[in-house]
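Here's the letter readout for the chains.
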Amino acid sequence: GAGVSQSPSNKVTEKGKDVELRCDPISGHTALYWYRQSLGQGLEFLIYFQGNSAPDKSGLPSDRFSAERTGGSVSTLTIQRTQQEDSAVYLCASSADRGYVEAFFGQGTRLTVV
Amino acid sequence: QKEVEQNSGPLSVPEGAIASLNCTYSDRGSQSFFWYRQYSGKSPELIMFIYSNGDKEDGRFTAQLNKASQYVSLLIRDSQPSDSATYLCAVRGGSSYKLIFGSGTRLLVRP
């Protein structure tokens, strides 16, 4: 695609429900990142996929969070048993390869847990 | 100690002035450095990247990198009200190729 696509753009869920957020990276990009941004805050690193390597999950805040990337392309971030503190904008980014290349961001999914 | 640190601001400058934004990082092996701009409610967009010591200029923007001191800065010349945004410093490399962001500096350019 022309850019990084995320869906849904907005999601309101009840506390305790599971949610899935989707990211479709730029075609051919081997690196994919998930970040979380709470209101007025910076980008909190969650997870990083690079090609067929094992993902770097060091930023996942709890075992309620998981992510997968199928076929080296589309990624899904799953949050189980959502809590109010999970409310944030979840941003996905992709880049062509490691090293000296920029990451391009999607428009984000705004998650609200009520 | 955070991996990437920025002053949260706000940094307020008058229109036409030079805005100076600073960032320090902890991983001495970091290899590439990025400045992103983020308008309220929008996603970050790349302003500049730098990976060699010294200055890199692009229009009104100059990125400066000093690996020995582990800091990177962004200068915005002839600041415009449209430059008012949050500027995020990002660092990649060293022990991992993941891209780590600072918390951002909010810039306000007064007309």
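Each chain carries its own residue numbering, running from 1 in the written order of its sequence. To label them, take the chains in the order written and letter them from A, then take the ligands in the order written and number them from 1. Local features are withheld for residues below a pLDDT of 70 in this predicted model, meaning they are given only at 70 or higher, and side-chain atom pairs are given and counted only at 80 or more; totals for whole chains, interfaces and linings count all residues. Side-chain measures were taken over the full set of non-hydrogen atoms in the model, leaving aside hydrogen atoms and water.

Novice: Would you mind showing me how to read the interface of chain B and chain A here?
Specialist: Interface extent is often summarised as the accessible area lost during association of the parts. The interface is formed by 20 residues belonging to chain B together with 22 residues belonging to chain A. Any Lys or Arg side-chain nitrogen located within 4 Å of an Asp or Glu carboxyl oxygen qualifies as a salt bridge. At the junction of chain B and chain A, the tally comes to 1 salt bridge. Across the pair B:Lys98 and A:Asp56 runs a salt bridge whose closest N-O atoms are separated by 3.6 Å. Side-chain atoms alone can form a polar contact between residues adjacent in sequence; in general such a contact is a pair of N or O atoms within 3.5 Å, and within protein one must be able to donate a hydrogen while the other accepts it. Summed over the shared surface of chain B and chain A, the number is 6 residue pairs in polar contact (both at pLDDT 80 or more). Each helix is a run of H or I in the DSSP string that is no shorter than four residues. Each strand is a run of E no shorter than two, and both are numbered from the N terminus. Secondary-structure elements contributing two or more residues to the side of chain B that touches chain A are strand 4 (30–38), strand 5 (45–50), strand 9 (85–93) and strand 10 (96–101) of chain B. Gly falls in the polar group here, along with every residue not listed as nonpolar (Ala, Val, Leu, Ile, Met, Phe, Trp, Tyr, Cys, Pro) or charged (Asp, Glu, Lys, Arg). A per-class count over the side of chain B that touches chain A returns 11 nonpolar, 7 polar and 2 charged. Throughout, a contact is declared for two residues whenever any of their heavy atoms are within 4.5 Å.

Novice: Could you clarify how one ought to interpret the sheet that holds strand 1 (residues 5–7) of chain A in this entry?
Specialist: Two pairing modes exist for strands in a sheet, parallel and antiparallel, and in both the strands are linked by backbone hydrogen bonds. All names here are of chain A. By this definition, two strands are paired if DSSP reports at least two bridges between them. Here we have 4 strands laid out as an open sheet, ordered 1-3-7-6, and antiparallel in their pairing. Each of the sheet's edge strands pairs with one partner strand only, and the pair in question is strand 1 and strand 6 (65–69). With direction set aside, neighbouring strand axes in the sheet form an average angle of 15°. Orientation is described by lines fitted to C-alpha atoms, with helices fitted over the stretch in contact, and by angles between N-to-C directions that extend from 0 to 180 degrees.

Novice: Please clarify how the state of the cysteines should be interpreted in this entry.
Specialist: The term disulfide refers to a covalent linkage connecting the sulfur atoms of a pair of cysteines. The disulfide criterion is simple: two cysteine sulfur atoms within 2.5 Å. Inspection of every chain in the model, using the stated rule, returns 2 disulfides over all chains. Note that A:Cys23 is cross-linked by a disulfide to A:Cys92, the S-S spacing being 1.8 Å. The disulfide joining A:Cys23 to A:Cys92 has a torsion of about -65° about its S-S bond and is therefore left-handed. Placement of A:Cys23 in strand 3 (residues 19–24) and of A:Cys92 in strand 8 (residues 88–95) is noted, with a sequence separation of 69 residues between them. Of the two residues, A:Cys23 and A:Cys92, neither departs from the other in class, the shared state being buried. One disulfide in the model links B:Cys23 with B:Cys89; its S-S distance is 2.1 Å. With the S-S dihedral at roughly -70°, the linkage between B:Cys23 and B:Cys89 falls on the left-handed side. Accessible area is worked out with a 1.4 Å probe on protein chains only. A residue is then buried under 20% of its type maximum, exposed over 50%, and partly exposed in between.

Novice: Could you clarify how one ought to interpret the packing of aromatic side chains in this entry?
Specialist: Each aromatic ring pair is described using two quantities: the centre-to-centre distance and the angle formed by the ring planes. Only rings of Phe, Tyr and Trp enter the pairing, Trp through its six-membered ring, and a pair is recorded when the two centres are within 6.5 Å. The plane angle decides the type: under 30 degrees is stacked, over 60 is edge-to-face, the rest tilted. Under the counting rule described, the total for this entry stands at 11 aromatic pairs over all chains. An angle of 85° between the planes, with centres 5.6 Å apart, marks the rings of A:Phe105 and B:Tyr36 as edge-to-face. Here A:Phe105 is found in strand 9 (residues 104–105), whereas its partner B:Tyr36 is found in strand 4 on a different chain. Residue B:Tyr36 is classed as buried on the basis of its relative accessible area, which comes to 0%. Geometrically, the ring pair formed by B:Phe49 and B:Tyr51 is stacked, given 6.1 Å between the ring centres and 15° between the ring planes. Residue classification places B:Phe49 among the partly exposed positions, given a relative accessible area of 26%. With relative accessibility at 36%, the residue B:Tyr51 sits in the partly exposed group. Taken together, the ring pairs connect A:Tyr33, A:Tyr35, A:Phe45, A:Tyr48, A:Phe105, B:Tyr36 and B:Phe101 into an aromatic cluster. Only lysine NZ and arginine CZ atoms are considered, and such an atom sits over a ring when it is within 6 Å of the ring centre and within 35 degrees of the ring normal. The ring of B:Phe49 carries the charged tip of B:Lys56 above its face, separated from the ring centre by 3.6 Å.

Novice: Even after reading the chapter, I still don't get the nonpolar core, so can you show me in this structure?
Specialist: Nonpolar side chains in soluble globular proteins tend to be buried together. Core analysis: the largest hydrophobic core is formed by 41 residues, its most contacted members being A:Tyr35, B:Trp35, B:Tyr36, B:Leu99 and B:Phe101. In this structure, A:Leu21, A:Leu46, A:Phe65 and A:Val113 belong to the second largest nonpolar core, which totals 20 residues. Only buried residues count toward a nonpolar core, which is a set of Ala, Val, Leu, Ile, Met, Phe, Trp, Tyr and Cys residues joined through side-chain atoms within 4.5 Å.

Novice: Explain the sheet that holds strand 7 (residues 61–66) of chain B here, please?
Specialist: All names here are of chain B. Judged by pairing direction, the sheet is antiparallel, and its 5 strands sit side by side in the order 1-3-8-7-6 without closing on themselves. Looking along the sheet, the strands with just one partner apiece sit at the ends: strand 1 (4–5) and strand 6 (54–58). Note: strand 3 (residues 19–25) against strand 8 (residues 71–76), 6 bridges, orientation antiparallel. The residue bridging Cys 23 from the neighbouring strand is Val 72, located in strand 8.

Read these as spatial facts, not as claims about activity.
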